[in-house]
2 protein chains.
Amino acid sequence: MDRDWEKHGLTASVQHQLWETLKHHPKGITVPEITKELGKQSEDSKVSTALEEDAHFFALADEKWCLAIYQPLRWGFAGTSKIAEDFIEALSLVPGAELMTCAARNKDRLPQAQEFAKKHGVRKAVSDYEELAKDADVDIVYVSNLHPAHRDTSILMMEHGKHVLCEKPLAVNASVTREMIAKAQETGLFFSAALWTRFFPATQMVRSLIESGKIGKVHHFHGDFICEMPEETERLYDPKLGGGGLLDIGIYPLSIASWVFGRQTPKVVSAMGMVHPRGVDNLGMVNLKYSQSEFASVTFAMCMASSPVEGTVHGTKGSIKLQNAMHCPTKISVELSGEEPWVFDFPLPDRPESINHGSTDGFNFGGSLGFVYEAMGVHSAVICGKKQVEDVGRDEMIMLMEVADRIREQLGTSYPQDGPLQKLTAAMPSLTS
Amino acid sequence: MDRDWEKHGLTASVQHQLWETLKHHPKGITVPEITKELGKQSEDSKVSTALEEDAHFFALADEKWCLAIYQPLRWGFAGTSKIAEDFIEALSLVPGAELMTCAARNKDRLPQAQEFAKKHGVRKAVSDYEELAKDADVDIVYVSNLHPAHRDTSILMMEHGKHVLCEKPLAVNASVTREMIAKAQETGLFFSAALWTRFFPATQMVRSLIESGKIGKVHHFHGDFICEMPEETERLYDPKLGGGGLLDIGIYPLSIASWVFGRQTPKVVSAMGMVHPRGVDNLGMVNLKYSQSEFASVTFAMCMASSPVEGTVHGTKGSIKLQNAMHCPTKISVELSGEEPWVFDFPLPDRPESINHGSTDGFNFGGSLGFVYEAMGVHSAVICGKKQVEDVGRDEMIMLMEVADRIREQLGTSYPQDGPLQKLTAAMPSLTS
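What you see is a predicted model, and the numbers here were worked out from it, not measured in a lab.

## What about the overall build of chain A?
Then step 1. Looking only at helices and strands, chain A has 15 helices and 14 strands in total.
Then step 2. Counting only residues that meet the buried cut, chain A has 61% of its 433 residues in that class.
Then step 3. With an accessible surface of roughly 16800 Å², chain A has 49% of that area assigned to carbon and sulfur atoms.

## Thoughts on the sheet that holds strand β5 (residues 163-166) of chain A
Residue and element names in this part refer to chain A.
Then step 1. Taken in spatial order, the six strands make up an open sheet running β3-β2-β1-β4-β5-β6, and their pairing is parallel. Each having just a single partner strand, β3 (124-126) and β6 (191-193) make up the two edges of the open sheet. If you compare each strand with its neighbour and ignore which way they point, the axes differ by 25 degrees on average.
Then step 2. As paired strands, strand β1 (residues 73-78) and strand β4 (residues 140-143) are joined by four bridges and run parallel to one another. Paired with F77 across the strands is Y142, a residue of β4.
Then step 3. Along the sheet face, helix α5 (residues 82-91) touches β1, β2 (97-103), β4 and β5 and points at about 170 degrees away from the line of β1.
Then step 4. Strands β2 and β3 of the sheet are contacted by helix α6 (residues 110-120), whose axis makes an angle of about 160 degrees with β3.

## Quick look at the relation of the copies chain A and chain B
Then step 1. With an axial shift of 0.0 Å and an RMSD of 0.1 Å, the rotation relating chain A to chain B amounts to 180 degrees. Put plainly, the chains are arranged around a two-fold axis.
Then step 2. Interface overlap between copies is the fraction of interface residues in one copy that are interface residues in the other; for chain A against chain B it reaches 100%, indicating a shared surface.

## Some words on unusual backbone geometry
Then step 1. Following K168(A), the chain continues to P169(A) via a peptide bond in cis, the omega torsion being -10 degrees.
Then step 2. Structurally, P169(A) is set in the loop between β5 and α9 (174-187).
Then step 3. Here the amide bond leading from N324(B) into A325(B) is cis, since omega sits at 0 degrees, within 30 degrees of zero.
Then step 4. Among the secondary structure elements, A325(B) is positioned in the loop between β12 (318-322) and β13 (331-336).
Then step 5. Phi at D361(A) takes a positive value of approximately 50 degrees, unusual for a residue other than glycine.
Then step 6. Tracing the chain through its elements places D361(A) in the loop between β14 (342-345) and α13 (371-383).
Then step 7. A relative accessible area of 54% means that D361(A) is categorised as exposed.

## Description of the environment of M158(B)
Residues and elements named next belong to chain B.
Then step 1. Within the element layout of this structure, M158 appears in helix α8 (residues 147-159).
Then step 2. Using a relative accessible area of 2% as the deciding quantity, one classes M158 as buried.
Then step 3. Along the sequence, M158 and M180 sit 22 residues apart, while their C-alpha atoms lie 9.3 Å from each other.
Then step 4. In contact with M158, not counting residues within four places along its chain, are V164, M180, K183, A184, T187, L189 and F191.

## Focus on the packing of helix α9 (residues 174-187) of chain B against helix α14 (residues 394-411) of chain B
Residue and element names in this part refer to chain B.
Then step 1. It is the contact of α9 with α14, at a shortest axis distance of 9 Å, that shows an interaxial angle of 165 degrees. Taken together, the axes of α9 and α14 lie roughly antiparallel to each other. The handedness of the crossing between α9 and α14 comes out as left-handed. Taken together, the residues of α14 that come into contact with α9 (itself represented by A174, S175, T177, R178, I181, A184 and Q185) are R394, M397, I398, M401, E402 and D405.
Then step 2. For the contact of α9 with α14, the per-class residue count stands at six nonpolar, three polar and four charged.

Rules behind the numbers
- Residues numbered from 1 in each chain as written.
- Chains lettered and ligands numbered in written order.
- Predicted model: local features only at pLDDT ≥ 70, side-chain atom pairs only at ≥ 80, totals over all residues.
- Heavy atoms only, no water.
- Helix = DSSP H or I, 4+ residues; strand = E, 2+ residues; numbered from the N terminus.
- Buried < 20%, exposed > 50% of the residue type's maximum accessible area, 1.4 Å probe, protein only.
- Areas by Shrake-Rupley, 256 points an atom, 1.4 Å probe, with all protein chains shown as cover.
- Pairing = 2+ DSSP bridges.
- Axes fitted to C-alpha atoms, helices over the stretch in contact; angles between N-to-C directions.
- Contact = heavy atoms within 4.5 Å.
- Least-squares fit on C-alpha atoms with pLDDT ≥ 70 in both.
- Parallel < 35°, antiparallel > 145°, perpendicular 65-115°, else oblique.
- Left-handed = near helix turned anticlockwise from the far one by under 90°.
- Nonpolar A, V, L, I, M, F, W, Y, C, P; charged D, E, K, R; others polar.

What follows is the structure, given as structure tokens:
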């Protein structure tokens, strides 16, 4: 994406200085700070105007992000699914993001990838993931094929020096997740799970409210994700494809619970539920104990009529509700004892007319414009030289998959990648129900 | 309560025939039926008018109730608590109910009982429970002292031939509950838990909706009762007084879960939670498995800011929500896939101005006018010679207390009445988590 600073009448020399200044602030710098730093120039007000005009989009984001985002980051895409369509379109709104290359799964599917590239403004399409991995014009790859393929794809990309943003769940179990994270640590590249929920301003507000003590001591989080997923959707009902409700939707309330209680490893994980005749978890009810006074209860189901996807953080003095849809929240309500609820609204940015490829507000899935928060957060982290996003830590991702393994063990579902179940949860001996 | 049939110009002879006819229909008779039966009389239309005018209050109830209720039932009261105040006032709206006698706990408290009797129109006050038990003018006793006293009080009453309606929970554990029910069976008297939730028209509507198949196959019930109960309320925080959230509030969502799934004994009961330093259960999260495809999750807590007390029945085609307050519901909403929710409203009857003894709409507790449904149901059952109310079965009450015992065993709380914990749950070997 071009930064049209010229139109503001900035000389080439000042444009150059601007870039240099940005580069010397890898952790970000605010608009007033950079304006001050370049303030000796007569052109200082032009600089600030140029930055601010382009920065208006990021009003809701951390002020420091906006400058990191002006630096280019070249994206590749492994997977041309519906979620990839949505992510790419949201990503295209990030000023520094360059949509370089998308890869077909194999040569036969190249025409589809070419069509995908054309539709979404990605510069080129290549015929397999290896070609993408070797593409010198790509800095970071968004991996969004099916969960069981995440490991091989992500490792392939990292082996060729690419940073990776990998859709959730990172893998089908903790053991495979550990392999992926070990590769990330070995290579020193950026590698993160695409846990988009954590990037939403509404989610961040919940964090601030909890930390402020507004609702007292938090004792309980409850979250449900109950929906109806057609049995015809092969990937959801086939264990070989990583099917089941737990990894697809259950992971959302589970990850919010973890985040509410400061990413502690739960001391007890207790689950029961239903297994579909095809062998995947259809419904699960999970109780978690984080400490003597911190608990969460979570229900996920893909076999019932859809309900509002909501979660509530309960404290001694009040509660905070992440309203529907909790996994991509734009509204929270806070209820304090004996007071009228306050509602905080964080509407998504206006959708550009250019985004119009799906049935739901121009996207395939509701709320997908919210990918822009994740895209900005990841872009900023990579440009600033971080190996992960602070709020989506690698240790926590392993822990969450250990919890998921434990849940599946209790529900009685397994994936071909699991190996013997005792192996699956051996790393988490404390998690006894 | 006087039945003012004279004002309708019924002769003494017809009034007498009316009573005789009612007595010969112990299972109830509808207004059209009795009118038909007395139809040989020239006064038949007067009879029907007289009955219907008095029956208007019961429009929401089963048509057969209204006649049973015209027969007198003389009530005694063991316990002069706030809940007793509310129940008595609601009971006074039932035409045949006669408020005969209330009993003080002991001689010292006779003045309070006398004051209570005067305030609520109870004919006399006696100085202890034994005197009440021996009162020949009392047919049925409402037992509403503290849970640990329910056993001795109820058994005393039954030993003296009184029917008993005992507040929930019947006792602090299953073992004591079994003793009480054994006494009821031995004496052949009416004995029931005062599970008022089951008598509400809204609750009955949920049952009809489930049975109609409207929301498909029901897989899950979720209910929460989260509130803030002051630590100064001695009875709630002292194990000797049967304290803890489970028996006071947790029992509501648990009993609704049982009722949703046809009173099955759950195959798995899994609980975790918090124990207050004084040794009572402060918070509990319970998952229940009724069958391979029927589950419930329940949270209760008395240590957090109050939340709406709501429960949702989830089926394959839709859901039914028992809106706040779920334990005395007047509103339910039904959501079917892809349709706007329907809301069904069952407002409480108009509150007579005479009821004005508390701060909440004339009562001590919100929704207490709803006791009238329970009062009508019990009155009708007793008059019709039943030993229990159909929808509050004795076996189920024992089973619910077994579930509660199992929950306390897992939470780690006990009452002096429990004896060794292994004894507590020995009767329920299948309930392993």
